[in-house]
Amino acid sequence: MRKTLSLFLFAGMTRIADAHTLTSDDGLPMQLVHQLLGSHHLPMTALIVLAGILVFRVWHRRFR
């Protein structure tokens, strides 16, 4: 149940960040910059990066 709950919470948080996209006239680089560094997307990007760092540290410590 704990794993399912965390997946639901993560999916709920990411729906806020991907509620829109840029027009199709904008190229892929502009889309990526907007999704990763846009001020309204930046908190989720920071959380994902922080979670990745924490997972890597735990994984690295476990196999050391």
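A brief report on the enclosed structure follows. (Residues numbered from 1 in each chain as written. Predicted model: local features only at pLDDT ≥ 70, side-chain atom pairs only at ≥ 80, totals over all residues. Heavy atoms only, no water.)

**Structural notes on the overall build of the protein chain**
Assigned secondary structure in the protein chain consists of three helices and zero strands. Of the regular secondary structure in the protein chain, the N- to C-terminal order runs α-α-α. Expressed as a percentage of the 64 residues in the protein chain, the buried residues total 11%. If you sum the accessible surface of the protein chain, you get close to 5,800 Å²; carbon and sulfur atoms cover 72% of it. (Helix = DSSP H or I, 4+ residues; strand = E, 2+ residues; numbered from the N terminus. Buried < 20%, exposed > 50% of the residue type's maximum accessible area, 1.4 Å probe, protein only. Areas by Shrake-Rupley, 256 points an atom, 1.4 Å probe, with all protein chains shown as cover.)

**Description of the packing of aromatic side chains**
When we look at a pair of aromatic rings, we describe it by the centre distance and by the angle of the planes. Across all of its chains, the model carries two aromatic pairs by this definition. Their ring planes at 40° and their centres at 6.1 Å tell us that Phe 56 and Trp 59 sit as a pair that is tilted. Here Trp 59 and Phe 56 lie together in helix 3 (residues 42-62), a separation of three residues that amounts to about one turn. Taken together, the ring pairs in this structure connect Phe 56, Trp 59 and Phe 63 into an aromatic cluster. (Phe/Tyr/Trp six-rings, centres within 6.5 Å; stacked < 30°, edge-to-face > 60°.)

**What about a nonpolar patch on the surface?**
A cluster of nonpolar residues, Leu 28, Met 30, Leu 32, Val 33, Leu 36, Leu 37 and Leu 42, forms a patch on the protein surface that exposes about 690 Å² of accessible area. No other element matches the six residues that helix 2 (residues 28-37) contributes to the nonpolar patch. (Patch = residues over 30% accessible without salt bridge, like charges linked within 9 Å, V, L, I, M, F, W, Y side chains within 5 Å. Salt bridge = Lys/Arg side-chain N within 4 Å of Asp/Glu carboxyl O.)

So yeah, pure geometry; function would need other evidence.
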